[in-house]
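Coordinate inspection notes
As a plain string of letters, each chain reads:
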Amino acid sequence: MNTELLPRSGRILCAVSGGADSMYLLCRLRELGYDVCAAHYNHGLRGAASDGDEAFVRDFCEKEHIPFLAGRGDVRACAGESRRGIEETARALRYAFLEQAADELGAAVIATAHNAGDNGETMLLNLARGTGLKGLCGIPPVRGRIVRPMLDVTHEQALAYLAAQNISHVEDETNRQDEYARNRVRHRAVPALESVNPAFLRAAGQTAALLRQDEELLTSLAADFLAQYRQGNSLSAQALCGQPFPIASRAVRLMAERELSCVHVQAILKAARDGGMADVPGLAVGREGDRLVFGIQPPAPIQPRTVLIPGRTEIPEATLALICTKITDCPPFVHKSFNIFCFNCENICGNMMVTNRQPGDAMRPVGRGCTKELKQLFQEAGVPSWRRQGVPVLRDEQGVVAVYGIGLAERAAARPGDKDIIQIEFSRL
């Protein structure tokens, strides 16, 4: 057992299921002179058997005068409400209870009985799922105030200790079933690897320890990169794209502050390289100029509206309003401002509408001498692709006549000397 993970003083809360490993942990720590208390979480998944496990741990602790707390929850109901798996929900509820129990019992750390077998199985499961280096590091020995001092202890060693000390434990019958992926790995993959190397679990633990050192180094390099290029919730896209993938991917994960799959990381790096937006669970990431912004708010699409001539037309999605008036003289700033447009009434076909960009939209801007798609005009103006659906586009029955912030179509533009002019000014709501 790795006692270096344990505090020199203070109480240790042992998470005790009643199985061999957790009973070994509780009794071995007490034997070594630590101040221990115990907590048991009843998941309610096995009916009377679950209640029997709780009663066993409670009775043992009362007999041995070990401070004890029990908790319970309806894992199946919570999993259905949160739309998460049974195992994921059970783990979340269990750890939340352990944190609460540690506070109530005054424990400095929470010790769990994850053993060498659990560690090897986790590495194999993560390998099968295609995780990166972090997944192949296995179970972390320390996470917050959770410590796992038994990662170098096998289940067989725990059983031998309990037998020698005449200490009882309970058996979870579901551990013998192959319904769960972990059990299939435990019953089939691990024995196959032990036939190649009888010390497979020890070798796996050594490999995990070496990989953790590599992971810690790469993560520290990514943190150094962020310290140089991060500004609030954004970082330099150009600098990020210039980093090797092992550093860039970790920088992205550190910025996101949440679990990201390889697919999500690749999507964010693509947004940094090519522009656009990456939509990952609970977080939108997009490029603005050279900044990759984590937590952007994409604009809502603009709903088509008829422009009141004269009158005021509000565009709440863009927090803008159109102030439309009729004038008789072309102002001197005509075609120099991209939020005030002057149109020759004779050149407007039918009603004027305000919409967002539509596929195939194009315009021949005043003074440009050529027709271009709005996509190209947005690119030239540096408008990020994820912002474009929120840019107002004015159109008549023939097509685009103006784009807010971009320009005015030559065919609809008023000229000096024109007397029947529609002036549209954009203002903030």
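Structure: see above.
The structure presented is a predicted model; accordingly, all values stated were derived computationally and were not measured.

Formed by 31 residues in total, the largest nonpolar core has its most connected members in Leu26 and Leu29. When contributions to this core are tallied by element, the ones reaching two or more residues are strand 1 (11-15), helix 1 (20-31), strand 2 (35-42), helix 2 (48-64), strand 4 (107-111) and helix 7 (155-165). When residues in this core are grouped by element, the largest group, seven residues, is from helix 1. Beyond its immediate sequence surroundings of up to four residues, Leu29 is in contact with Met1, Leu6, Ile12, Cys14, Tyr24, Tyr34, Val36 and Ala111. Among the nonpolar cores identified, the runner-up in size contains 25 residues, and Val252, Met255, Ala256 and Ala271 belong to it.

Time to look at the environment of Ala108. With respect to the helices, strands and loops of the structure, Ala108 is situated in strand 4. Leaving out residues up to four positions away in the same chain, Ala108 has contacts with Arg11 and Arg145.

Turning our attention to the sheet that holds strand 11 (residues 291-294). Taken in spatial order, the five strands make up an open sheet running 7-8-11-10-9, and their pairing is antiparallel. Every interior strand has two partners, whereas the edge strands, strand 7 (230-231) and strand 9 (277-280), have only one. Sheet strands in contact with helix 9 (residues 200-229) are strand 7, strand 8 (234-236) and strand 11, and its direction is about 95 degrees off that of strand 8. With respect to the sheet, helix 12 (residues 262-274) is in contact with strand 9, strand 10 (283-288) and strand 11, its orientation differing from that of strand 9 by roughly 160 degrees.

This next bit is on the packing of helix 3 (residues 75-82) against helix 4 (residues 86-105). Between two packed helices, the angle of one axis relative to the other and the distance separating the axes together describe the packing. It is at 9 Å that the axes of helix 3 and helix 4 come closest, and there the two elements cross at 110 degrees. Of the possible angle classes, the one that applies to helix 3 and helix 4 is roughly perpendicular. On helix 4, the residues that touch Val75, Arg76, Cys78, Ala79 and Ser82 of helix 3 are Ile86, Thr89, Ala90 and Leu93. Taken together, the residues of the contact of helix 3 with helix 4 sort by class into six nonpolar, two polar and one charged.

Now for the sheet that holds strand 15 (residues 340-344). With antiparallel pairing, four strands are arranged side by side in an open sheet as 13-14-22-15. Each end of this open sheet is capped by a strand with a single partner; those strands are strand 13 (311-315) and strand 15. Taking each pair of neighbouring strands and ignoring which way they run, the sheet shows an average axis angle of 20 degrees.

With that settled, the discussion passes to the packing of aromatic side chains. Aromatic ring pairs are described here by two measures, namely the spacing of the ring centres and the angle between the planes. Inspection of the entire model under this criterion finds six aromatic pairs. Ring centres of Tyr24 and Tyr161 lie 5.0 Å apart, and the angle between their planes is 80 degrees; this geometry places the pair in the edge-to-face category. Remark: Tyr161 occurs in helix 7 and Tyr24 occurs in helix 1; sequence separation between them is 137 residues. A centroid spacing of 4.9 Å and a plane angle of 35 degrees characterise the contact between Phe225 and Tyr229, whose relative ring orientation is tilted. Pair noted here: Phe225 and Tyr229 are both in helix 9, with a separation of four residues, about one helical turn. Of the residues examined, Phe225 reaches a relative accessible area of 5% and is grouped as buried. In textbook terms, an aromatic cluster arises when at least three aromatic residues are bridged by ring pairs, as seen for Phe341, Phe343, Tyr404 and Phe426. We note Arg143 situated over the ring of Tyr95; from NZ or CZ to the ring centre the distance is 5.0 Å.

So, how was this worked out
Residues numbered from 1 in each chain as written. Predicted model: local features only at pLDDT ≥ 70, side-chain atom pairs only at ≥ 80, totals over all residues. Heavy atoms only, no water. Core = buried A, V, L, I, M, F, W, Y, C linked by side-chain atoms within 4.5 Å. Buried < 20%, exposed > 50% of the residue type's maximum accessible area, 1.4 Å probe, protein only. Helix = DSSP H or I, 4+ residues; strand = E, 2+ residues; numbered from the N terminus. Contact = heavy atoms within 4.5 Å. Pairing = 2+ DSSP bridges. Axes fitted to C-alpha atoms, helices over the stretch in contact; angles between N-to-C directions. Parallel < 35°, antiparallel > 145°, perpendicular 65-115°, else oblique. Nonpolar A, V, L, I, M, F, W, Y, C, P; charged D, E, K, R; others polar. Phe/Tyr/Trp six-rings, centres within 6.5 Å; stacked < 30°, edge-to-face > 60°. Lys NZ or Arg CZ within 6 Å of the ring centre and 35° of its normal.

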